[in-house]
Amino acid sequence: MEVLVTIADSGSIHKAAQQLGISQPAVSKVLGDVEQGLGARLFERTAAGSALTDKGQALVTQARFLVRSIERMELTAQSEAAVVRLGCIPRSMRTLMPHIVNRVSEQAHFRLQVVEDASTALHAAIQRASLDFAVMRHVGGEDAIGRQLVVERLYEERPLVVASARHPLARRRQVALQSLLQHRWALTATETTSRAVLDRFCQEQGMPVIQPFVETRSLDTSAALVTSTDLLSLLPESVARLYEGMGLVSVLRVVPALPSTAVLLVSDPQAMHDPTLAAFRQLVLDAATSAREGLAQRS
């Protein structure tokens, strides 16, 4: 399994042999034996090296999981903390991650490697098994993620339109979303779920999509720009209420209100059968309960 994963990651049998510290003929023999046993070709030999076939892609995904499980078994046997690889969208780093970290610190057998990225990147990472879990969203909801993965709803959070506390709109009791098209916006990049949700909602309302004056890479950057300019932005409720509590922004009461979206926990089905990952999954579900309670208090 380790040979197959290393060939896939390095892109060639030669590089895989170097990384594994064994001879190239030995790597070729292992691959040949596996392909013969399965009756299928796993790699196509190309001028650039070795590329996975469709059958190989499916098998290597399973092999990655098995290799990681064996590593966790070895760490457990040595009484060392097993590493769990978790991907998380930026908005949940504020809402959910503190609850996870507090629980992990109480359990010495876990050690977290956290990757912060957009949902699209995390989805791709969980599909190729480079992450054990992903906390993410999808504009199409749970069904759009794919039946080959386990998808569990953690909590929902509303997106809110914010302006500087000194902005003229801050004094309005209610603002029509249509009227905000004439204002300047700071929004996250088009590949983020936040932006995709906003664009879809505008289209459903028969409105043109909002073209941002400034396109940012993070929610914090958008929020920072709003506090000292005339720009508007869209922030998750947890972030918006935090800045509002500090007197830096004003949350606008927009009609129609944008819909809440679900934050999801995505994992490989085999994680249910790995003791370490099964325990961590339950820890995340418990943390999500605390996150929901915190969001309810801020609403």
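Look up a bit, the structure's there.
Summarised in this report is the structure supplied together with it. (Residues numbered from 1 in each chain as written. Predicted model: local features only at pLDDT ≥ 70, side-chain atom pairs only at ≥ 80, totals over all residues. Heavy atoms only, no water.)

## With respect to the sheet that holds strand S4 (residues 110-116)
Within the open sheet, the 5 strands sit side by side as S4-S3-S5-S14-S6. Their pairing is mixed. If you trace the sheet from one side to the other, it starts and ends with S4 and strand S6 (150-157), each paired once. For this sheet, the mean inter-axis angle between neighbouring strands, taken without regard to orientation, is 20°. Pairing of strand S3 (residues 82-88) with strand S5 (residues 133-136), which is carried by 3 bridges, proceeds in the parallel orientation. Following the sheet pairing, Cys88 is matched in S5 by Val135. (Pairing = 2+ DSSP bridges. Helix = DSSP H or I, 4+ residues; strand = E, 2+ residues; numbered from the N terminus. Axes fitted to C-alpha atoms, helices over the stretch in contact; angles between N-to-C directions.)

## Quick word on the nonpolar core
With 24 residues, the main nonpolar core has Leu96, Ile100, Phe133, Val135, Leu154 and Phe280 as its most contacted residues. Those elements that provide at least two residues to this core are S3, helix H6 (97-105), S5, S6, strand S14 (261-267) and helix H11 (275-298). Looking at this core, the element that brings in the most residues is H11, giving 8 residues. Ignoring any residue separated from it by four or fewer positions in sequence, one finds Leu96 in contact with Val135, Leu154, Tyr155, Val284, Ala287, Ala288 and Ala291. Among the nonpolar cores identified, the runner-up in size contains 18 residues, and Ala163, Leu177, Leu232 and Leu258 belong to it. (Core = buried A, V, L, I, M, F, W, Y, C linked by side-chain atoms within 4.5 Å. Buried < 20%, exposed > 50% of the residue type's maximum accessible area, 1.4 Å probe, protein only. Contact = heavy atoms within 4.5 Å.)

## Examining the sheet that holds strand S9 (residues 185-188)
Taking strand neighbours across the sheet as the criterion, the 5 strands line up as S10-S9-S11-S7-S12 in an open arrangement whose pairing is mixed. This sheet does not close on itself; its edge strands, each paired only once, are strand S10 (214-216) and strand S12 (249-251). Taken over all neighbouring pairs, the strand axes of this sheet differ in orientation by 35° on average, direction set aside. Contacts between helix H8 (residues 193-204) and the sheet are confined to S9, S10 and strand S11 (232-236), with S9 contributing the most and set at about 120° to the helix.

## Details of empty space enclosed by the protein
In total, this model carries 3 cavities of 30 Å³ or more according to the counting rule given. A volume near 70 Å³ is recorded for the largest cavity. Taken together, Phe65, Arg85, Ile126, Ala129, Leu131, Asp132 and Asp268 make up the lining of the largest cavity. Among the residues forming the lining of the largest cavity, the class breakdown is 4 nonpolar, no polar and 3 charged. (1 Å grid on protein atoms, 1.4 Å probe; cavity = no way out; pocket = protein on both sides within 12 Å on 5 of 7 lines; lining within 4 Å. Points joined across faces, edges and corners; volume = space filled by probe spheres on them. Nonpolar A, V, L, I, M, F, W, Y, C, P; charged D, E, K, R; others polar.)

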